[in-house]
Amino acid sequence: MKGQGAVGKPERTPVGKRVGRVAALAVLVALTATGCSGDEILRFGWPKGVTPQADQMRTLWTWTVIAALVVGAIVWALIFWTAIFHRKKKGAAVEGPEDLPRQFQYNIPLEIFTVVLPTIMVCVLFFFTATTESKVLDKKPNPDVVVDVVAFQWNWEFKYEGDAAKRPDGTQVSTVGSSGEIPLLVLPTNKTIEYRLRSTDVIHSFWVPEFNFKRDVMPDPEKNNQDSSFQNSIDREGSFVGRCAELCGTYHSVMNFEVRALSPDKYDQYLKLRTETNPKTGKPNTASEALAAMNCGELCSPYAVTTKPFNTDRTARTASN
Ligand SMILES: [Cu+2]
């Protein structure tokens, strides 16, 4: 038996209408007020990648978020629909056993559908995750540049492998960061670069946001069964900030570094300068001295441009950036 209130012409609840209008307005404001371009919206907060690997990750991210938003929108719609349109009707009879909602459960076909469909969705997601992963983690046998990334509490050392980076005294060119100077990892564009990660103390993580990729830097990666190297190629010149993405102690937040991507000829010039001795100091050129000598404008800024050394005064109340 139906409640008396349920009979008669169905009235559209003003609440539903209002919620609909507010939601539509919120979406409109969100889309227009941010001033984001279409490309920016589709990146969903991710930076513009500077490597082909980063672009592949970003494509996967965009489609994953779209899929998640579709699922979210459907689930939210179901929640709001049940909350708004299944309220007790106005003027319904005094509560009694005959006015209770339909007491149903165990909809087997619906349950099978809501288990099978998410399983298929996760499988599709897994397929694209696995194919993207194999592309991003792919390694060429002969990388053009090999750099040892050594993390320590609390900074980085970038040591260049190969004959081109050999100084006359037989040592390899290396850049060590200090609390007063952000280390610059100078790299060539459009070359395959291999990063070999290792830590001298605790676990850190090598993260360049514009690579859309990070990897933990472990002490003893071999003993820890970690594949401690990865490769990529940077497709445009520029300065990109890098950060430590694994809590590593008191000064975890101040381990910023900078990747400086230069065209291959500028990079060769840089590396050559690094192997040469500075007549003023009698020591091999440092990263900043080599860049200053190159004098190629913003790209050859001798110091980091995306981040600055942190204030070593412990009573200061400013965060690093
Ligand atoms: Cu760290």
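Read on for a plain summary of the structure. (Residues numbered from 1 in each chain as written. Predicted model: local features only at pLDDT ≥ 70, side-chain atom pairs only at ≥ 80, totals over all residues. Heavy atoms only, no water.)

**Thoughts on the pairing of strand 10 (residues 257-262)**
Inference 1: Across the 6 residues that make up strand 10, a large majority, 6, are buried.
Inference 2: Of the two faces of strand 10, the one carrying Phe 257, Val 259 and Ala 261 and the one carrying Glu 258, Arg 260 and Leu 262 are both buried.
Inference 3: Bridge count between strand 4 (residues 184-188) and strand 10: 5 bridges; the pairing is parallel. By the bridge assignment, Leu 185 is partnered in strand 10 with Val 259.
Inference 4: The pairing of strand 9 (residues 238-244) with strand 10 spans 5 bridges and is antiparallel. From the neighbouring strand, Phe 240 faces strand 10, where its bridge partner is Val 259. (Buried < 20%, exposed > 50% of the residue type's maximum accessible area, 1.4 Å probe, protein only. Helix = DSSP H or I, 4+ residues; strand = E, 2+ residues; numbered from the N terminus. Pairing = 2+ DSSP bridges.)

**What about the nonpolar core?**
Inference 1: Of all hydrophobic cores here, the largest spans 45 residues; its most connected members are Trp 156, Tyr 195, Phe 206 and Ile 234.
Inference 2: Tyr 195 has contacts with Val 147, Val 149, Leu 185, Leu 187, Phe 206, Phe 211, Ser 228, Ser 229, Phe 230, Asn 232 and Ile 234, leaving out every residue within four places of it along the chain. (Core = buried A, V, L, I, M, F, W, Y, C linked by side-chain atoms within 4.5 Å. Contact = heavy atoms within 4.5 Å.)

**Remarks on the coordination of the copper ion**
Inference 1: Within the first shell, the copper ion binds the protein through His 204 (ND1), Cys 244 (SG), Cys 248 (SG) and Met 255 (SD), at distances of 2.1 to 2.5 Å.
Inference 2: Metal-centred angles of 92 to 128° between the 4 donor atoms at the copper ion mark the site as tetrahedral.
Inference 3: For the copper ion, the single-chain donor residues occur in sequence as H-x39-C-x3-C-x6-M. In terms of burial, Cys 244 and Cys 248 fall into one category: buried. (Donors = N, O, S within 2.8 Å, 3.2 Å for Na, K, Ca; no water. Tetrahedral: all angles 85-135°; square planar, octahedral: opposite > 155°, others 65-115°.)

**Description of the packing of aromatic side chains**
Inference 1: Within the structure shown, the criterion is met by 15 aromatic pairs.
Inference 2: For the pair Trp 156 and Phe 206, a centre-to-centre distance of 5.8 Å together with 75° between the ring planes defines the contact as edge-to-face. Of this pair, Trp 156 sits in strand 2 (residues 155-160) while Phe 206 is found in strand 6 (residues 204-208), placing the two residues 50 residues apart along the sequence. Residue Trp 156 shares its accessibility class with Phe 206, and that shared class is buried.
Inference 3: Put simply, the rings of Trp 156, Phe 158, Tyr 195, Phe 206, Phe 211, Phe 213, Phe 230 and Phe 257 pair up and form one aromatic cluster.
Inference 4: Taking NZ or CZ as reference, Arg 102 lies 4.4 Å from the ring centre of Phe 104, over its face. (Phe/Tyr/Trp six-rings, centres within 6.5 Å; stacked < 30°, edge-to-face > 60°. Lys NZ or Arg CZ within 6 Å of the ring centre and 35° of its normal.)

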